[in-house]
Structure formats: C-alpha cells, structure tokens
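Reading the structure
Residue-level listing of the chains:
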Amino acid sequence: MHTKTMEGLIGARANIDMTNVPMRVYKEARRKGDTATMKRAMGYVNEFEDKAGEYKKKAEEGMKKDAEEAAKKEKAQREEMVEKRREEKRQMEEKLAADRQENTAQNAEAKYAKVQSTGEDTVQISGQGKALSENQIQGQHMSECPVTGQNGTGEAYMDRKPVTYTKTGETVSQSQEGSISVSV
C-alpha cells in the first residue's frame, strides 16, 4: 500500500472521529439555547470535515499510484511468464530434435542389422549414379547412357527384347511365342 493511501485513510478517519466532540458540544448548547457556543462548535465540525476531505483526496491519489504500480508489476510478471514459456518451448524443440536424430540413427542401425541378419542384398550407388539420379530428379533427363554409350531415345532401346535372369546370373530370353489355354 502506498504511503499516501495510508496517510489519507488514517487522517480522514481521525478527523471524522474528531467531529464527535464538537457535535456533542453543539447538541448540548442547543438544549441550553446557547447560539454562540453552537456556532463555535459547528465551526470546529466544519473544519474537521474539510480536513477529512483533504485526506480523502490524498488517499485517492495514493490509490491511483497503487493501481499504476500494480499494473506495472502485473505487466512485468506477464512478460516474465511469456519469456519463460518461450524458453521452455525452445528447450522442448531442442530436445525433440535431438530425440529425432537419435531415433533416426537407431532406426538406420536396426535396418542395417536386420539386413545383415536376413541375408538380404544391399545396393550401393556410386557418385556418378547419384549425380545422374539428382539430374533426373531436377528435371534433366540423360541423353546418353554412361555405361553403354547409347542414346536414350535411339533405336537401340526399341530393338531390345525382354530378358530374364536366373539365380546364377545367366540371361534367358523370353519367347513371344506361346499359347495360353484356359480350361473351365
């Protein structure tokens, strides 16, 4: 509580309490019919009430300052809480990113171990193959095969027949001849 508020409240209360004495004198003088004492007593009552009004104004000023200080304090607390939440969010995002990297590494290791345990074959692409793949992804098409040297749109591709490979790696050409029979 601001000092002006306390001073105003205490002063106003004290001056209002002090009006009781001159009011009692006023009432007694009225019963006796003494108008001079009545006027003097009412003068004191008015004086105390005026002082109480001044203290009331001081209390109001102090209350305004209290409200301003409380608003500033509340705003600072809100800003502090927002900053704290931002920091917590940043830390959480960092933790999630680290967890994702850790999970990605663990998944890659698990897949590699699975491939090793099942005996599956793996394919490794050379740097030249990666470059060709990236060119194709970016919309560029290869015009010539780097292995055979043949044109990708040329007749050499049109003349090819489908080929099947055996388990030993030998090629077996497929014949276009054959009949399909369906019995019902």
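For the structure given in this document, a descriptive report is provided here. Keep in mind that this is a model prediction, so the values were computed, not measured.

A surface patch of negative charge is lined by Glu47, Glu49, Asp50 and Glu54. With respect to the helices and strands, the residue glutamate 49 is situated in helix 3 (residues 35-118).

This paragraph deals with a nonpolar patch on the surface. On the surface, a nonpolar cluster with roughly 450 Å² of combined accessible area is contributed by Met1, Met6, Leu9 and Ile10. Mapped onto the secondary structure, isoleucine 10 falls in helix 1 (residues 3-18). Isoleucine 10 gets classed as exposed once you look at its relative accessible area, which sits at 61%.

With 13 residues, helix 2 (residues 20-32) should reach 18 Å at 1.5 Å per residue; the first-to-last C-alpha distance of 19 Å fits that figure. Those residues of helix 2 lying buried are Pro22, Tyr26 and Ala29. Buried residues of helix 2, viewed axially, fall in a sector of 70°; they line one side. For helix 2, exposure combined with an orientation more than 90 degrees from the buried face picks out Arg24 and Arg31. Glycine 33 occupies a position one or two residues after helix 2 and carries a positive phi of about 90°.

Running from N to C, helix 1 and helix 2 cross one another at 15°; their axes reach a closest spacing of 4 Å. As far as their axial angle goes, helix 2 and helix 1 are roughly parallel. Across from Ile16, Asp17 and Met18 in helix 1, the residues of helix 2 making contact are Asn20, Val21 and Pro22. Among the residues forming the contact of helix 1 with helix 2, the class breakdown is four nonpolar, one polar and one charged.

This brings us to the pattern of salt bridges. For the coordinates displayed, the defined rule picks out nine salt bridges. A salt bridge links glutamate 87 to arginine 90; the shortest N-O distance between them is 2.3 Å. In this pair, glutamate 87 and arginine 90 both sit in helix 3, three residues apart, roughly one turn of the helix. Looking at arginine 90, the relative accessible area reads 38%, which means it is partly exposed. What emerges from the salt-bridge pattern is a single network uniting Glu87, Arg90 and Glu94.

Structurally, threonine 19 can be placed in the loop between helix 1 and helix 2. Look at threonine 19 and you get buried, because its relative accessible area is 8%. Apart from the residues lying within four places of it in its own chain, the contact partners of threonine 19 are Val45, Phe48 and Glu49.

About the criteria used
Residues numbered from 1 in each chain as written. Predicted model: local features only at pLDDT ≥ 70, side-chain atom pairs only at ≥ 80, totals over all residues. Heavy atoms only, no water. Patch = residues over 30% accessible without salt bridge, like charges linked within 9 Å, V, L, I, M, F, W, Y side chains within 5 Å. Areas by Shrake-Rupley, 256 points an atom, 1.4 Å probe, with all protein chains shown as cover. Salt bridge = Lys/Arg side-chain N within 4 Å of Asp/Glu carboxyl O. Lys, Arg positive; Asp, Glu negative; His and termini not counted. Charge placed at Lys NZ, Arg CZ, Asp CG, Glu CD. Helix = DSSP H or I, 4+ residues; strand = E, 2+ residues; numbered from the N terminus. Buried < 20%, exposed > 50% of the residue type's maximum accessible area, 1.4 Å probe, protein only. Expected span 1.5 Å × (residues − 1). Arc of directions from axis to C-beta. Axes fitted to C-alpha atoms, helices over the stretch in contact; angles between N-to-C directions. Parallel < 35°, antiparallel > 145°, perpendicular 65-115°, else oblique. Contact = heavy atoms within 4.5 Å. Nonpolar A, V, L, I, M, F, W, Y, C, P; charged D, E, K, R; others polar.

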